[in-house]
Amino acid sequence: MADVPILALGPHIFAALPLSIQRIRERTRASWPMINRFGRGPARQYTGRGEDEFEIEGLYFHQEFGGHGEYLALKATQSAGQPVELLGWAAGGVAASVFGSVVILEVGAEHESIHFDGIGRKIEFSVQVAPFGGDGAFGGLFR
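Just so you know, these numbers come straight off a predicted model, no measurement behind them.

### Re the environment of Val84
Here Val84 lies in strand β9 (residues 84-90). Separated by 75 residues in the primary sequence, Val84 and Leu9 have C-alpha atoms spaced 6.5 Å apart. If we skip the residues at most four places from it in the chain, Val84 touches Leu9, Gly10, Thr77, Gly100, Ser101 and Val102.

### What about the nonpolar core?
Inside soluble globular proteins, nonpolar side chains tend to come together where they are buried. Judged by nonpolar contacts, the single largest core of 21 residues is most densely connected at Leu9, Phe14 and Val127. Secondary-structure elements contributing two or more residues to this core are β1 (7-9), β8 (53-60), α2 (68-80), β9, β10 (95-114) and β11 (120-131). Those residues within four positions of Phe14 in sequence are excluded, and the remaining contacts are Pro5, Ile6, Leu7, Leu9, Leu19, Ile21, Ile56, Leu74 and Phe125.

### With respect to the pattern of salt bridges
This model, assessed by the stated rule, comprises seven salt bridges. Note that Arg27 is salt-bridged to Glu53, the shortest N-O span being 3.9 Å. Of the two residues, Arg27 sits in strand β3 (residues 20-27) while Glu53 sits in strand β8, which places them 26 residues apart along the sequence. Classification of Arg27 by relative accessible area gives partly exposed; the value is 45%. Residue classification places Glu53 among the partly exposed residues on the basis of a relative accessible area of 24%. For Lys122, the salt bridge goes to Glu124, with nearest N and O atoms at 3.4 Å. Residues participating in the shared-partner salt-bridge network are Arg23, Arg25, Glu55 and Glu57.

Definitions and limits used
Residues numbered from 1 in each chain as written. Predicted model: local features only at pLDDT ≥ 70, side-chain atom pairs only at ≥ 80, totals over all residues. Heavy atoms only, no water. Helix = DSSP H or I, 4+ residues; strand = E, 2+ residues; numbered from the N terminus. Contact = heavy atoms within 4.5 Å. Core = buried A, V, L, I, M, F, W, Y, C linked by side-chain atoms within 4.5 Å. Buried < 20%, exposed > 50% of the residue type's maximum accessible area, 1.4 Å probe, protein only. Salt bridge = Lys/Arg side-chain N within 4 Å of Asp/Glu carboxyl O.

Distances and angles like these do not, on their own, reveal function.
Here it is in structure tokens:
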């Protein structure tokens, strides 16, 4: 049985195996700077959306299921310095939502129980992305 995709970041597919998503963190921000007023206390004024944050956390077990090649490919995509599309699947992988172009800000991993090949038996990874432009539908993505 093939794994059902959950999320795609450019050419990278996150499913149950080998790159298993464990957590998605998403934050949207609004800009409300403090404005001084004559004869009254300061007040806040909405000046637009702030920078959105989106982070994927997961794990893989390289010796049992693979995944290290996919992790290295994520780092190569980040190093290419090009925006990629962020897609999410629903309805058992039948329907997809295009969330827009994003850039990969950070890719990291923690290796546990290091194997003799230098790769952990259990690797927890994270990928932080941000919208490429301010005109997409990225904000409020998982509401």
